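Structure assessment
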Amino acid sequence: MTDRNVTLSTEGKDFNYPILEGSVGPEVFDVRKLYGQTGMFTYDPGFTSTASCQSAITYIDGEKGVLLHRGYPIDQLAENSTFMEVAYLLLHGELPKGSELHDFTYTISRHTMLHEQLATFYRGFRRDAHPMAIMCGVVGALSAFYHDSTDITDPEQRMIASHRLIAKMPTIAAMAYKYSVGQPFLYPDNSLSYTGNFLRMTFGVPAEPYAVNPVVERAMRRIFILHADHEQNASTSTVRLAGSSGANPFACIAAGIACLWGPAHGGANEAALNMLREIGDVKRIPEYIARAKDKDDPFRLMGFGHRVYKNFDPRAKVMKATADEVLKELGKSDPVLDVAKELEQIALSDDYFIEKKLYPNVDFYSGVILNAIGFPTDMFTALFALARTVGWVAQWNEMISDPEQKIGRPRQLYVGQPQRDYVPVDKR
Ligand code: ACO
């Protein structure tokens, strides 16, 4: 708290609201007493000016294109860390010491298997079900299988649920893929890394040994790290809001997955690749740029623009370099990558995109990489959900332990009918 206030004047009276200071980033003024004192609410659809909570996990400076997890820049983590290290960092606040990392990795690896009954549960879905539909259903269903980690008042149960979610998500996502292609499910192999195990469960078959390609494994690790957390975005806010009522962690993460699915959020990587494929040739780029700028055309350049970043999304830079690396390793030349690079160049020198500060976001290049590795487009958002689970559980734990936490209950500006009397059907 600072000793400064924001003063609001209305109807000849002044009301003071204390200014609170974070460790870095914009200050906020505390309006919790506003309604009690003035009888007014604040109006902020989309929460563009609202800090919904205090958090010590992730910091973004959208103007400068900075993303820090517990203070560490995302590019340093993507370059040097394992996903387990980042998961520990997000959950516990510090990079793990050697023995802590060993113990954490061991614990996660011991939770990778799913209750056997869940394999039967998959068979209730149509084979052409979207993997995100399966993820929502199966993750929500975990609460029906792991009763011993649903008491949110017990910190130990909360940590077990967090470990289970982080550990089981690759198995759940891989099984969603296997189910869609009609191949048998593969059990986890705990001798592999988190990403190596996921690649094997996805692309391996029981009939043959599977060798994890280290370049692909590194690319997957980076993709997971780049998606691990992102402050109070829509799906994380959904997880927090669901959790604020005391709902169990599996239900909360299922709610986050549902929110992430939308094309304005996690679904954008799928939409971006589909758009690049539709453009197909660099010659057609001007046509699509013109459509994106046309007010009467709902078309938007997918993978461009961000609510918070008004500069390069720092994750997009790492993604672009990774796309080059993976295509080189796999000996693939993808015309879609050429379209993406040219589109980026043209958009970044166009006044419309410059004025509106629209830059490529994390999703612009991730689809190209995932496509080269062999994932079908409808798996892209499932991979995002897998990685973001770490951030969701870290944010959920932080919320539950916050003494200021209350059930999330926004108010509204009511614009409907005032009170009126019921009219019988024959008199309407
Ligand atoms: N292409 C063309 N114009 C755009 C784009 C785009 N991708 N994004 C924003 N604009 C324009 C809007 O038309 C609007 O113009 P106006 O001021 O003349 O009306 C202006 O830029 C501001 O756009 P808003 O939609 O108001 O910005 P907001 O912060 O609400 O939206 C969003 C951010 C949803 C990401 C938006 O940029 C978008 O739809 N991008 C495409 C989808 C996408 O890539 N989403 C991924 C986000 S990253 C993630 O979730 C991991």
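What this report covers is the structure whose coordinates are included nearby. The structure presented is a predicted model; accordingly, all values stated were derived computationally and were not measured.

Rules of the game
Residue positions are counted from 1 within each chain, in the order its sequence is given. Reporting of local features is limited, given that this is a predicted model, to residues whose pLDDT is at least 70; pairs of side-chain atoms are given and counted only at 80 or more, and all residues count toward the totals for whole chains, interfaces and linings. Neither water nor hydrogens contribute to the side-chain values; these are computed over all heavy atoms in the structure. Nine residue types can take part in a nonpolar core, namely buried Ala, Val, Leu, Ile, Met, Phe, Trp, Tyr and Cys, and a core is a set of them joined through side-chain atoms within 4.5 Å. Think of it in three bands: with a 1.4 Å probe and only protein chains considered, a residue is buried below 20% of the maximum accessible area for its type, exposed above 50%, and partly exposed in between. Only DSSP runs of H or I with at least four residues qualify as helices, and only runs of E with at least two residues qualify as strands; both kinds are numbered from the N terminus onward. The contact criterion used throughout is that any non-hydrogen atoms of two residues lie within 4.5 Å. The nearness test applies per residue and asks whether one of its heavy atoms lies within 4 Å of the molecule or strand. Under this definition, polar contacts are N or O atom pairs within 3.5 Å; protein pairs additionally need one hydrogen-donor-capable and one acceptor-capable atom, and for neighbouring residues in sequence, both atoms have to be side-chain atoms. Per-residue accessibility takes into account occlusion by the displayed protein chains alone, with areas from the Shrake-Rupley method and a 1.4 Å probe. Multiplying one less than the number of residues by 1.5 Å gives the expected span of a helix. By the convention used here, strands pair only if DSSP detects at least 2 bridges between them. Two rings from Phe, Tyr or Trp (for Trp, the six-membered ring) form a pair when their centres are within 6.5 Å of each other. A pair whose planes differ by under 30 degrees is stacked, one over 60 is edge-to-face, and the rest are tilted. Comment: axis = line fitted to C-alpha atoms, over the contacting stretch for helices; angle = value between 0 and 180 degrees taken between N-to-C directions. When an angle is under 35 degrees it counts as roughly parallel; over 145 it counts as roughly antiparallel; between 65 and 115 it counts as roughly perpendicular; any other value is oblique. Every patch collects residues that have over 30% relative accessible area and no salt bridge, joining them within 9 Å if they carry like charges and within 5 Å if they are nonpolar side chains (Val, Leu, Ile, Met, Phe, Trp, Tyr). Throughout this description, the term salt bridge denotes a Lys or Arg side-chain nitrogen within 4 Å of a carboxyl oxygen of Asp or Glu.

**Description of the nonpolar core**
Counting residues in hydrophobic clusters, the biggest one holds 112 residues, and the most contacted among them are Ile-257, Leu-301 and Phe-375. Among the elements that make up this core, the one with the highest residue count is helix H18 (residues 380-401) (14 residues). Leave out the neighbours within four places in its chain, and Ile-257 touches Met-132, Met-135, Cys-136, Val-139, Met-169, Ala-385 and Trp-392.

**Details of the site of the ligand**
Taken together, 20 residues form the shell around the ligand, and within it Lys-295, Leu-301, Gly-303, Arg-307 and Lys-356 come nearest. Gly-303 places a main-chain nitrogen or oxygen 2.8 Å from an oxygen atom of the ligand. Phe-304 is positioned with one of its backbone polar atoms (N or O) 3.0 Å from a nitrogen atom of the ligand. For the ligand, whose accessible area on its own is 920 Å², the fraction buried by protein is 74%.

**Examining the side chain of Asp-30**
Following the sequence through the fold, Asp-30 ends up in the loop between strand S3 (28-29) and helix H1 (34-38). Asp-30 gets classed as buried once you look at its relative accessible area, which sits at 16%. Other than its neighbours up to four places away in sequence, Asp-30 contacts Tyr-17, Pro-18 and Leu-20.

**A closer look at helix H12 (residues 268-279)**
The first and last C-alpha atoms of H12 sit 16 Å apart over twelve residues, in line with the 16 Å expected at 1.5 Å per residue. Of all twelve residues in H12, nine are buried, a share of seventy percent or more. In this structure, the buried residues of H12 make contact with helix H13 (285-293), helix H15 (335-348), helix H17 (363-373) and H18. Directly after H12, the chain includes Gly-280, whose backbone phi takes a positive value near 75 degrees.

**A short note on the pairing of strand S1 (residues 5-10)**
Relative to strand S2 (residues 13-20), S1 runs antiparallel, the two sharing six bridges. Residue pairing in the sheet places Leu-8 in a bridge with Phe-15 of S2. Hairpin geometry of S1 and S2 is characterised by an intervening segment of two residues between the two adjacent antiparallel strands and by a positive phi of about 50 degrees at Glu-11.

**Digging into unusual backbone geometry**
Of note in this structure, Phe-47 is not a glycine but carries a positive phi near 50 degrees. When its relative accessible area of 54% is taken as the criterion, Phe-47 is described as exposed. Positive phi, normally seen in glycine, also occurs at Glu-231, with a value near 60 degrees. Following the sequence through the fold, Glu-231 ends up in the loop between helix H9 (214-226) and helix H10 (234-244).

**Section: the packing of aromatic side chains**
We describe a pair of aromatic rings using the distance from one ring centre to the other and the angle between the two ring planes. Applying the stated criterion across every chain, the model contains 18 aromatic pairs. With a centroid separation of 5.7 Å and 70 degrees between ring planes, the pair formed by Phe-304 and Phe-353 is classed as edge-to-face. Here the residue Phe-304 occupies a position in the loop between H13 and helix H14 (314-329), and Phe-353 occupies one in helix H16 (residues 351-355), the gap between them amounting to 49 residues. Note on Phe-304: relative accessible area 10%, which makes it buried. What links up through ring pairs into an aromatic cluster is the set Phe-83, Tyr-177, Tyr-194, Phe-198, Phe-203, Phe-224 and Phe-375.

**Things to note about the sheet that holds S3**
Strands sit in the order S1-S2-S3 across an open sheet of three strands; the sheet is antiparallel. In this open sheet, the two edge strands, each paired with only one partner strand, are S1 and S3. For S2 and S3, the ladder comprises two bridges, and the chain directions are antiparallel. From the neighbouring strand, Ile-19 faces S3, where its bridge partner is Phe-29.

**Some thoughts on the side chain of His-111**
Relative to the elements of secondary structure, His-111 occurs in the loop between helix H4 (98-109) and helix H5 (117-122). Every residue in contact with His-111, bar those within four places of it in the chain, is listed here: His-163, Arg-164, Ala-167 and Lys-168.

**Points about the sheet that holds strand S4 (residues 58-61)**
The strand order across the open sheet formed by three strands is S4-S5-S6, and the pairing between neighbours is antiparallel. Bordering the open sheet on either side are S4 and strand S6 (72-73), each of which pairs with just one other strand. Examined bridge by bridge, S4 and strand S5 (residues 66-69) share four bridges and lie antiparallel to one another. If you follow Tyr-59 over to S5, its bridge partner there is Leu-68.

**Observations concerning the packing of H12 against H15**
The axes of two packed helices give the description: the angle between them and the distance between them. Across the interface, H12 lies against H15 with an axial gap of 9 Å and an inter-helix angle of 95 degrees. One element, H12, and the other, H15, form an angle in the roughly perpendicular class. Residues Leu-273, Met-275, Leu-276, Arg-277 and Ile-279 of H12 form the contact with H15, whose participating residues are Val-336, Val-339, Ala-340 and Leu-343.

**Some details on a nonpolar patch on the surface**
A contiguous nonpolar surface patch, about 410 Å² in accessible area, is contributed by Tyr-43, Leu-413 and Val-415. Tracing the backbone through its elements, the reader meets Val-415 in the segment after H18. Assessed through its relative accessible area of 73%, Val-415 is described here as exposed.

**Looking at the environment of Arg-277**
Along the chain, Arg-277 falls in helix H12. Its relative accessible area of 39% is what places Arg-277 among the partly exposed residues. A sequence separation of 129 residues divides Arg-277 from Lys-406, and the C-alpha atoms of the two residues are 46 Å apart. Apart from the residues within four sequence positions on either side, Arg-277 is in contact with Val-336, Asn-371 and Thr-377.

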